[in-house]
Amino acid sequence: MIHTLKENVEIILPENGLEQKLKQAEEENRKLIIKLGFDPTAPDLHLGHAVVLKKLKQFQDLGHQIIIIVGSFTARIGDPTGKNQARKPLSAEEVQHNAETYINQLSKVIDVEKMKIVFNSDWLDSLNFSEVIQLMSKVTVAQLMHRNDFNKRFTENSPIAMHELVYPILQGFDSVKIKCDIEMGGTDQLFNCTMGRQLQETHQISPQIVMCMPLLKGLDGKEKMSKSLNNTIGLTDEPNEMFGKTMSIPDALINEFIYLTTDFSNEEKKNLKSKISDGENPMNIKKIIAKNIISQYHNEELAELAEQFFINQFQNKNFEEKIFQPISIESLFPNQPKISLIELCHHLKNNESKSFIRRLIEGGGIQVNNVKIIDSNAEIELIKQTKIKIGKRDFFELK
């Protein structure tokens, strides 16, 4: 059991803390309280989130209590991003919408009927200013400056707003309120999670242990998977999109995807890794990974269909034989003879920004009737049977 719970975990703090917590729970005949916090800053969960969620599921299957804390208060103040500036705060309406979306998606991995969901605004909204000051007195500025991005920005004379310094203290206070035993997160959350340990000790609560999972790299193969970087595979992506995105990962990411995104047995994972070492075509391994991912978040039948779609669509080089999604001119563009290419592509791919579409055009990533268009100011006549290719995977035909 311990071996399974420690599998793929990058950091456990303290090192023998998991054994101690499990022993404590057994002696006290109770469930461990496992915490995962979400600030609902973007409404879509992706495979990077699933790395942590799958570890939560292992604890849940052993009968322990999962508590999801929705940062309904902290998301409204804006948290440090780990980069050079604070994240933009959200409105209460945005927080509520994103939180509801998160909760629906969690069911893709964990049993939502057995978990608890709490909102940290329930206790943070009610703190008076005196209580906030008392809470802040538990932490020194020197401790806060151990956080890498704070230290870096301070050294570079980049601004650090006061609310950013308060943010990890508030997140740590969440652990005090729920009497957390184990806090889960990615390695980028290590500082915030250890803040929970410190505040619990100052409140005479047995300190939580921290378990940090590795950060899954995104489709670019460089940065961590992140919605803001547009390099994600979403848990709610359609099967064909999931398959195509998985096939686009750099070969160097294959082993990482085998171990962090699939639910194969350890033996199966080792066999796949061995095949790569023995010279197997990386495309064949990516297909196996893609089908496994789709089977987890959709089903095996849709995984088979997605593979066939990919073969027909992308391994067949003939543009005319691609499968084009029909688009009704009359419903989308009534009484409109022509439209800018940027506007047209934005309508067809409304999850992409116009600036992204512009860059795609100028980079040669868009074709109209098998002709590459690189003029971002181009206008397109809205004529039936016009075929548009956007990027590598999206094909549309005006009807």
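All figures in this text were calculated on a predicted structure; none of them were measured in a lab.

Student: Hey, could you run me through the overall build of the protein in this one?
Tutor: Each helix and strand counted, the protein has 18 helices and 13 strands in total. Referenced to the eigenvectors of the C-alpha coordinate spread, the extents of the protein come out at roughly 70 × 50 × 40 Å. Taking as baseline every contact in the protein between residues at least 6 positions apart, the subset at least 24 positions apart corresponds to 70%. Within the structure as shown, the protein displays about 20,000 Å² of accessible surface, and the carbon and sulfur contribution to it stands at 49%.

Student: Where do I start with the packing of helix α9 (residues 162–178) against helix α10 (residues 190–202) in this structure?
Tutor: What describes two packed helices is the angle between their axes and the distance between those same axes. Between α9 and α10, whose axes approach to 7 Å, the crossing angle comes to 55°. With respect to α10, the axis of α9 lies oblique. Crossing of α9 against α10: the hand is right-handed. Where α9 approaches α10, its residues Y167, P168, I169, Q171, G172, F173, S175 and V176 are matched on the opposing element by F191, N192, M195, G196, L199 and Q200. Of the residues that constitute the contact of α9 with α10, the class distribution is eight nonpolar, six polar and no charged.

Student: Help me understand helix α2 (residues 17–27), please; the structure alone is not making it clear to me.
Tutor: Within α2, burial applies to G17, L18, K21, L22, Q24 and A25. All buried residues of α2 fall inside an arc of 160° around its axis, so they share one side. Opposite the buried face of α2, by more than 90 degrees, sit the exposed residues K23, E26 and E27. Phi turns positive one or two residues past the end of α2, at N29, with a value near 50°.

Student: Whenever I open this one, the sheet that holds strand β13 (residues 394–398) confuses me. Can you help?
Tutor: In a beta sheet, neighbouring strands are held together by backbone hydrogen bonds and run either parallel or antiparallel to one another. In spatial order, the strands read β7-β13-β12-β9-β10; together these five strands make up an open sheet with mixed pairing. Looking at strand neighbours, the two that pair on one side only are β7 (325–327) and β10 (371–372), the edges of this open sheet. Where β7 lies against β13, three bridges are found, and the strand directions are parallel. Paired with Q325 across the strands is F396, a residue of β13. Strands β7, β9 (366–368), β12 (387–390) and β13 of the sheet are contacted by helix α17 (residues 341–348), whose axis makes an angle of about 75° with β12.

Student: Could you clarify how one ought to interpret the packing of aromatic side chains in this entry?
Tutor: Ring pairs (aromatic) are described by centroid distance and by the angle formed between their planes. Evaluated as defined, the whole model comprises two aromatic pairs. Relative to Y102, the ring of F38 lies with its centre 5.0 Å away and its plane at 20°, an arrangement referred to as stacked. Of this pair, F38 sits in strand β2 (residues 33–38) while Y102 sits in helix α4 (residues 92–106), and the two are 64 residues apart along the sequence. Note on accessibility: F38 and Y102 belong to one class, buried. For the ring pair F243 and F310, a centre distance of 5.4 Å and an interplane angle of 45° mean the geometry is tilted. Of this pair, F243 sits in helix α11 (residues 239–247) while F310 sits in helix α15 (residues 300–314), and the two are 67 residues apart along the sequence. A relative accessible area of 0% means that F243 is categorised as buried. For the cation-ring pair, R147 lies above F150, with the distance from its terminal atom to the ring centre recorded as 5.2 Å.

Student: Help me out: how do you make sense of the pattern of salt bridges in this one?
Tutor: By the definition in use, this model includes 19 salt bridges. In this structure, D251 and K286 form a salt bridge, with 2.9 Å as the shortest nitrogen-oxygen distance. Of this pair, D251 sits in the loop between α11 and α12 (254–261) while K286 sits in helix α14 (residues 282–297), and the two are 35 residues apart along the sequence. Two residues, K349 and D394, come together in a salt bridge whose shortest N-O distance is 3.0 Å. Note that K349 is positioned in the loop between α17 and α18 (354–362) and D394 in strand β13, a separation of 45 residues in sequence. Each of K21, E28, R30 and D181 takes part in one network of salt bridges that share partners.

Student: How do you make sense of the packing of α17 against α18 when you look at a structure like this?
Tutor: Direction vectors running N to C along α17 and α18 enclose 120°, while the axes themselves pass 9 Å from each other. Crossing of α17 over α18 shows right-handed handedness. Along the contact surface, α17 presents L341, I342, E343, C345 and H346, while α18 presents K354, I357, R358 and I361.

Student: How do you make sense of the environment of S72 when you look at a structure like this?
Tutor: Mapped onto the elements, S72 comes out in the loop between β3 (65–70) and α4. Between the C-alpha atom of S72 and that of V118, which follows or precedes it by 46 residues, the distance is 9.2 Å. Among all residues touching S72, those that are not within four sequence positions of it are V95, F119, N120 and S121.

Student: Hey, could you run me through α12 in this one?
Tutor: For an α-helix, the turn length of 3.6 residues means that residues three or four places apart are oriented alike. The buried fraction of α12 amounts to six of the eight residues, a majority that puts the element mostly inside the structure. Among all positions of α12, only I254, E256, F257, I258, L260 and T261 are buried. For α12, the secondary structure elements touched by its buried residues are α3 (47–61), α13 (266–277) and α14.

Student: Please explain the confidence of the model for the protein as it appears in this structure.
Tutor: In low-pLDDT segments, the atomic positions of the prediction should not be examined closely. This prediction gives the protein a mean pLDDT of 87; 94% of its residues lie at or above 70. Predicted confidence for residues 81–86 stays below pLDDT 50, and this span has 16 contacts to residues more than four positions away or in other chains.

Rules and cut-offs
- Residue numbers restart at each chain and count upward from 1, following the sequence in its written direction.
- Reporting of local features is limited, given that this is a predicted model, to residues whose pLDDT is at least 70; pairs of side-chain atoms are given and counted only at 80 or more, and all residues count toward the totals for whole chains, interfaces and linings.
- Calculation of side-chain values draws on the structure's entire complement of heavy atoms; hydrogens and water are dropped beforehand.
- By the criteria applied, helices consist of DSSP H or I runs no shorter than four residues and strands consist of E runs no shorter than two, each listed in order from the N terminus.
- The contact criterion used throughout is that any non-hydrogen atoms of two residues lie within 4.5 Å.
- Per-residue and other accessible areas were derived by the Shrake-Rupley procedure at a 1.4 Å probe size, with only the shown protein chains allowed to occlude residues.
- Under this scheme, a helix contributes an axis fitted over its contacting stretch, all axes are lines through C-alpha atoms, and angles between N-to-C directions fall in the 0 to 180 degree range.
- Note on angle classes: values under 35 degrees are labelled roughly parallel, values over 145 roughly antiparallel, values of 65 to 115 roughly perpendicular, and the remainder oblique.
- Two helices cross in a left-handed way if the nearer one is turned anticlockwise from the farther one by less than a right angle. They cross in a right-handed way if the turn is clockwise.
- Residues are sorted three ways: Asp, Glu, Lys and Arg are charged, Ala, Val, Leu, Ile, Met, Phe, Trp, Tyr, Cys and Pro are nonpolar, and all the rest, Gly among them, are polar.
- Categorising residues by exposure relies on relative accessible area from a 1.4 Å probe, with only protein chains included: less than 20% of the type maximum marks a residue as buried, more than 50% marks it as exposed, and the intermediate range marks it as partly exposed.
- Arc definition: directions from the helix axis to the C-beta atoms.
- Strand pairing follows a simple DSSP-based rule, namely that at least 2 bridges must link the two strands.
- When the centres of two rings from Phe, Tyr and Trp lie within 6.5 Å, Trp using its six-membered ring, the rings pair. Their planes under 30 degrees apart give stacked, over 60 give edge-to-face, and anything left gives tilted.
- Whether a charge sits over a ring depends on NZ of Lys or CZ of Arg being within 6 Å of the ring centre and within 35 degrees of the ring normal.
- Any Lys or Arg side-chain nitrogen located within 4 Å of an Asp or Glu carboxyl oxygen qualifies as a salt bridge.
- You can read pLDDT as the predictor saying how much it trusts each residue, on a scale of 0 to 100.

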